[in-house]
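So the chains spell out like this:
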Amino acid sequence: MPGYRDIPTPRWDPSAPTDPDEAEAFLRLFHDENPETGDPHRRLAAVRAEIAATGTYTHTPAELTFGARVAWRNSSRCIGRLYWRSLRVVDRRDVDQADGIYTHLVEHLRTATNNGNVRPTITIFPPARPGHRFARVWNEQLIRYAGHHRPDGSIVGDPRYTQFTASVSAMGWIGKGTAFDILPLVIDTPTEGPRLFDLPEDAVTEVPLAHPEHPWFADLDLRWHVVPAISNMRLTIGGVHYPCAPFNGWYMGAEIGARNLADTDRYNLLPVVAEHLGLDTSNDATLWRDRALVELNIAVLHSFAAAGARVSDHHTEAHRFCTHVERETRAGRPVPADWTWIVPPLSGSATPVFHRYYQEADLRPNFYLDTEARALALGGAAEPAAAETCPVTGATRIPGTTPHHAQVAAAT
């Protein structure tokens, strides 16, 4: 992320100094959209001098807030960008030790949960400085469920995180062995290396899933967490890189019901739901998967609403995205979008975003998922697996990964 099919993103070199031209482009954008800040020339001269002396520069609080919000605005895979101006930016650039980072990550989850009325939030820790190690969170999201291997070869929990579960278990973590064990955070700092931290119960709000028409659904004992906080993406603002900047929005229901719980390499619940519904699963033509998928998504939306937890259905979110495109067009700004991620994973052609064409562009500020960060999140390995290339499009994919709507639309 971004995964532009026609414009590959350059690999990040943490040892490289800040590009003064990228810094200038951002500062001009900041002043253009915030004319009350006055003439930018003095600030530009100061930044160029700071880069020349130190290899980088320091954003003002106003620049940091603007940059984080525009990074969301520029995220081509996110359907929920209509509310980019509402992103709550928490500046923790003075916190660089694991204990302090953990404390503020817990606070992030508590305040973002907001009694169920989920608030888009980003907490920004110190930037990377050229040639220096930096703090990072290994986890893909602050809240994710473990995947436990059974002796018979089956998996309890989320198969996506079996390798990560094995890694943290080797570091000393002991899970309960249930289908919804919350993984610990791995916070890696230059002075302490990777350390494990369990999230307190009051920082994680979960919704038990039930169906409005099928009482048996509650007996499946399913649940999902309320806040999708992406924690391994690098925020880039004006050439300055923030590898530790977890951010969240609220869920689109289909991210949970059509991906996390339904994908065959995740919880794979469609056969289970179909069996309880009494559907004919003998062949694909009965459309049993489609019918089970709809009922699973109904259960997610119903349960979140009953719990007072904020969630969007994919039709509403698609209309909101079209509103966002219209507003940005009137403002004279392009809207980069990856069609394969903007179109919801359920009833895509029934939403207005399906019937449009979009342009992809690497606009900055933005969020990026580096190969090393991806590898750490999937298995705690220092080196990522070799990428596979699609012979048709030329797009690359790291083995074991798929385009995952929850990874980006979670920032809605």
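Before reading on, note that the structure itself is shown above.
Residues numbered from 1 in each chain as written. Predicted model: local features only at pLDDT ≥ 70, side-chain atom pairs only at ≥ 80, totals over all residues. Heavy atoms only, no water.

Asks: Please clarify how the overall build of the protein should be interpreted in this entry.
Replies: Helix and strand counts for the protein stand at 12 helices and 18 strands. Relative to the compact-globule value of 22 Å for 412 residues, the protein shows a C-alpha radius of gyration of 21 Å, a close match. Each principal axis of the C-alpha atoms in the protein carries an extent, and together these give about 70 × 50 × 45 Å. Taking all 412 residues of the protein together, the buried fraction comes to 52%. Relative to all contacts within the protein whose residues are 6 or more apart in sequence, the contacts with residues 24 or more apart total 71%. Carbon and sulfur atoms make up 52% of the accessible area of the protein, which amounts to about 17800 Å² in all. Once the 39 positive and 49 negative side-chain charges of the protein are each reduced to a mean point, those two points are 4 Å apart. (Helix = DSSP H or I, 4+ residues; strand = E, 2+ residues; numbered from the N terminus. Rg over C-alpha atoms; globule rule 2.2 N^0.38 Å. Buried < 20%, exposed > 50% of the residue type's maximum accessible area, 1.4 Å probe, protein only. Contact = heavy atoms within 4.5 Å. Areas by Shrake-Rupley, 256 points an atom, 1.4 Å probe, with all protein chains shown as cover. Lys, Arg positive; Asp, Glu negative; His and termini not counted. Charge placed at Lys NZ, Arg CZ, Asp CG, Glu CD.)

Asks: Explain the nonpolar core to me, please; I cannot follow it from the model alone.
Replies: A general feature of soluble globular proteins is that nonpolar side chains tend to end up buried together. Counting 66 residues, the largest nonpolar core has Ile187, Leu261 and Phe321 as its most contacted members. Residues within four places of phenylalanine 321 in sequence aside, it is in contact with Cys78, Ile79, Arg81, Val335, Ala337, Ile342, Val353 and Tyr358. (Core = buried A, V, L, I, M, F, W, Y, C linked by side-chain atoms within 4.5 Å.)

Asks: For this particular structure, what's the right way to read the environment of histidine 149?
Replies: Its location among the elements puts histidine 149 in strand E4 (residues 147–149). Owing to a relative accessible area of 56%, histidine 149 belongs among the exposed residues under this scheme. In the structure, histidine 149 is positioned 73 residues away from serine 76 in sequence and 36 Å away in space, judged by C-alpha atoms. If we skip the residues at most four places from it in the chain, histidine 149 touches Ser154, Ile155 and Thr162.

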